[in-house]
Amino acid sequence: MGKKKLDHKSTIREIEERFDKDVERFSNLETGQSATVDAPLAMQLITEAAVAASSPIKRILDIGCGAGNNTIKLLQYESDLHCDLVDLSQNMLDRAHERVSRLNRGKTTIFQGDFREIDLKEDYYDVILAGAVLHHLRDDEDWKIVFSKFYRLLAKGGSIWITDLVSHESDEVQALMQARYGDYLLELGGEAYRKAVFEYIEKEDSPRAVMFQLDLLREVGFSQVELLHKNSCFAAFGAIK
């Protein structure tokens, strides 16, 4: 995907402003990601995979944490954690801190800003969670910087778990999967809802194919890469250091 095709996408500031206004919707563990196909299943799978791959878990990093749903799900399994939460939106972080702190017996710390620019401890985290955030990355260099940072931040044996909107390498398959997703949105909220979701994806998101991301995880150093689930334009996957 060339740079020219990304010129019309939302800026970091525009993304921050949109999420500042959407805290309530993302504060529901069950319905906060209703526009995402199989969202509850994907969250369950990355949570269970994190516990299975990297137990005991003591230190986690949740990037693009929103209102904290992924961390809250993990706290159902491990309730004494050092939780570092990162998001562009201060409003989201305030809600996430409030919700996570009620459940977590450990320390909860928030970091407002762009993950690529925030100084975090290397060789430190047992688990990194990235839910519905990486589709905001743009060119190849952007993706490599972020995936390389995941690897540096994780302790040996640590793992990164991702749920996200994904694209497809084949134009024909992309059209097929987008049509299937459109049918899902139509059933969920009608034609106006389908149109609105597709419009903000076009404006804000630049997802990449699952294979591109799995290959990149290996390229930056991860020794074990796992695809947990894929349905239509969404996938859950991860890697272990």
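The structure we're discussing is the one just above.
Notes on the structure follow. Everything numeric here is computed off the predicted structure, so don't read it as measured data. (Residues numbered from 1 in each chain as written. Predicted model: local features only at pLDDT ≥ 70, side-chain atom pairs only at ≥ 80, totals over all residues. Heavy atoms only, no water.)

1. Thoughts on the environment of Trp 161
Here Trp 161 lies in strand E5 (residues 154–165). Distance from Trp 161 to Gly 238, taken between C-alpha atoms, is 4.3 Å for residues 77 residues apart in sequence. A polar contact of 2.7 Å, which involves the side chain of Trp 161, links it to the side chain of Ser 159. (Helix = DSSP H or I, 4+ residues; strand = E, 2+ residues; numbered from the N terminus. Polar contact = N/O pair within 3.5 Å; in protein donor to acceptor, adjacent residues only side chain to side chain.)

2. With respect to the sheet that holds strand E2 (residues 82–87)
Across the sheet, 7 strands lie side by side as E3-E2-E1-E4-E5-E7-E6; this open sheet has mixed pairing. Two strands lie at the open edges of the sheet, namely strand E3 (108–112) and strand E6 (224–231), each paired on one side alone. For this sheet, the mean inter-axis angle between neighbouring strands, taken without regard to orientation, is 15°. The sheet contact formed by strand E1 (residues 59–63) and strand E4 (residues 125–131) spans 4 bridges and is parallel. Each bridged residue has a counterpart across the sheet, and for Leu 61 the counterpart in E4 is Ile 128. Each of E4, E5, E6 and strand E7 (234–240) touches helix H2 (residues 39–54); the most contacted strand, E5, lies at about 170° to it. Packing against the sheet, helix H5 (residues 140–153) makes contact with E1, E4 and E5, and its axis sits at approximately 145° to E5. (Pairing = 2+ DSSP bridges. Axes fitted to C-alpha atoms, helices over the stretch in contact; angles between N-to-C directions. Contact = heavy atoms within 4.5 Å.)

3. Considering the nonpolar core
Within the largest apolar cluster, 32 residues are counted, with the highest numbers of intra-cluster contacts made by Leu 134, Phe 147, Phe 150 and Ile 160. Taken together, the elements giving at least two residues each to this core come down to E1, E4, H5, E5, helix H7 (210–219) and E7. No other element matches H5, which puts 5 residues into this core. Those residues in contact with Phe 150 that sit more than four places away from it in its chain are Ile 63, Phe 115, Ile 128, Ala 130, Leu 134, Ile 160 and Phe 222. Of all hydrophobic cores here, the second largest spans 21 residues; its members include Ile 72, Leu 81, Leu 85 and Trp 161. (Core = buried A, V, L, I, M, F, W, Y, C linked by side-chain atoms within 4.5 Å. Buried < 20%, exposed > 50% of the residue type's maximum accessible area, 1.4 Å probe, protein only.)

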